[in-house]
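Notes for the structure review
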Amino acid sequence: MNANRARTGALMATASMLCVQVGLALSIGLIEYIGVEGAAWLRLLWAGIILLVIVRPRPSKFTRSTFLMCVVLGVVTAGVTLLFMAALDRIPLGTASALEFLGPLSVAVLLGKGRYRFVWPAIAAIGVVLLTEPWHGSIDLIGVAYALGAAVCWACYILLTQRVGDGVDGANGLAVSMGTAALFSSILVGPSVFSRMTPEILLIGIGIALLLPVIPFTLELMALRRLTTASFGTLMSVEPAFAMLVGFVVLDQVPGPGGVVGICLVVAAGIGAARAGGRSAPPVPAEVGG
């Protein structure tokens, strides 16, 4: 039973990562018009609106503590999105990706159990380094700080998403968290990008928001109901491989030999983590009130 849950969770996480990378590739065209912070904000804004309208979360689905947890998750979600985009404005994508992956890797190492606790994360880490080649390009310390901040937020996102998935029925928690992320990001960067918005850009933002983050965050919520946080964190190492694949197909970015070896390593680590990381069925959240 756990093995089946692990396989299902791994498929959901894999589909999520593919959506993320396609969404990022399509977002690149918006950056020259509204900047990196504008591209991040537009995705969060539409994601919050779409989920709140579709799900229409009810108060009966929450306790005071679970609602607060959803709000915190929303702030963390906005943080990882805005900080990573800010890092990309200062340091190469490979360096930023390698630094951000320290978040889920830390979750995998600290919360993993058994004799393979350090094996799969170690293999994944080597693969990510080969994939991203962080030694290339100049280093901006502020950019590094942004990427490390995104790593901390990503680790918190994994832990909080599982708790929200276990404690709140359906997509209600996701709707509240994304609504919070939309509001929080609007307060932070909205005023600086409002003037650059056009009707065309706003419409494009709807489609991109579905690819990133509506669909992937929904899939991740469902995956974390089936996988341990440690295995999910290691499985996320496959994302740089998807980034390279999408970059090759969509952006004509050809990987080098090191990148090909890196892909093999992270895929192997992801498969190993998923096979060993199935959870027992989480408790069914109870409604509050009537």
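Higher on the page you've got the structure.
Think of each chain on its own: its residues are numbered from 1, step by step along the sequence as written. Note on the predicted model: pLDDT of at least 70 is required for a residue's local features to be given, and 80 or more for side-chain atom pairs to be given and counted; whole-chain, interface and lining totals, by contrast, use all residues. Neither water nor hydrogens contribute to the side-chain values; these are computed over all heavy atoms in the structure.

1. Here we look at the overall build of the protein chain
- Helix and strand definitions follow DSSP, with helices as H or I runs of at least four residues and strands as E runs of at least two, each counted in order from the N terminus. Helix and strand content of the protein chain: eleven helices and zero strands.
- Buried positions account for 51% of the 290 residues belonging to the protein chain.
- Sequence-distant contacts in the protein chain: of pairs separated by 6 or more residues, those separated by 24 or more amount to 90%.
- Per-residue and other accessible areas were derived by the Shrake-Rupley procedure at a 1.4 Å probe size, with only the shown protein chains allowed to occlude residues. In the structure as shown, the protein chain presents an accessible area of about 13200 Å², 70% of it carried by carbon and sulfur atoms. A 1.4 Å probe rolled over the protein chains alone gives each residue an accessible area, and that area as a share of the maximum for its type sets the label: buried under 20%, exposed over 50%, partly exposed in between. Here, residues are in contact when the closest pair of their heavy atoms is within 4.5 Å.

2. Things to note about a nonpolar patch on the surface
- Like-charged residues are merged into a patch within 9 Å and nonpolar side chains (Val, Leu, Ile, Met, Phe, Trp, Tyr) within 5 Å, provided each residue has over 30% relative accessible area and no salt bridge. Between Lys or Arg on one side and Asp or Glu on the other, a salt bridge is scored when a side-chain nitrogen of the former is within 4 Å of a carboxyl oxygen of the latter. Judged by side-chain polarity, L245, F248, V249, V250 and V254 come together as a nonpolar surface patch covering roughly 490 Å² of accessible area.
- Locating V249 in the fold gives a position in helix α10 (residues 239-251).

3. Considering the packing of helix α6 (residues 141-167) against helix α8 (residues 199-223)
- Convention adopted: a line fitted to C-alpha atoms gives each axis, helices being fitted over their contacting stretch, and angles between N-to-C directions are expressed from 0 to 180 degrees. Put simply, α6 and α8 touch, their axes get as near as 8 Å, and they point 70° apart. With respect to α8, the axis of α6 lies roughly perpendicular. Every pair of crossing elements has a handedness; the one defined by α6 and α8 is right-handed. Side by side, α6 and α8 meet where Y157, T161, V164 and G165 of the first sit next to F217, E220 and L221 of the second.
- As a working rule, the residues Ala, Val, Leu, Ile, Met, Phe, Trp, Tyr, Cys and Pro are called nonpolar, Asp, Glu, Lys and Arg charged, and the rest polar, with Gly in that last group. Partitioning the contact of α6 with α8 into residue classes produces four nonpolar, two polar and one charged. Oblique is the label for every angle not falling under 35 degrees (roughly parallel), over 145 degrees (roughly antiparallel), or within 65 to 115 degrees (roughly perpendicular). Put simply, a crossing is left-handed when the front helix is turned counterclockwise from the back one by less than a right angle, and right-handed when it is turned clockwise.

4. Quick look at unusual backbone geometry
- With omega at 20°, the peptide bond leading from L212 into P213 counts as cis.
- Of note in this structure, R56 is not a glycine but carries a positive phi near 50°.
- Here R56 lies in the loop between α1 (2-55) and α2 (64-88).
- On the basis of relative accessibility, which here comes to 63%, the residue R56 falls in the exposed class.

5. A look at the pattern of salt bridges
- A complete count under the given rule lists three salt bridges for this structure.
- For D169, the salt bridge is made with K61, and the minimal N-O distance between the two is 3.2 Å. In this pair, D169 sits in the loop between α6 and α7 (172-193) while K61 sits in the loop between α1 and α2, placing the two residues 108 residues apart along the sequence.
- The exposure class assigned to K61 is buried, which follows from its relative accessible area of 10%.
- Note that R90 and D140 form a salt bridge whose closest N and O atoms lie 3.2 Å from each other. Here R90, found in the loop between α2 and α3 (93-100), pairs with D140, found in the loop between α5 (119-132) and α6; they are 50 residues apart in sequence, far enough to count as distant.
- According to the relative accessible area criterion, R90 is partly exposed, its value standing at 40%.

6. Thoughts on the environment of L160
- Checked against the element boundaries, L160 lands in helix α6.
- For L160, a relative accessible area of 15% translates into the label buried.
- Between the alpha carbons of L160 and L221 there is a distance of 9.9 Å; along the sequence they are 61 residues apart.

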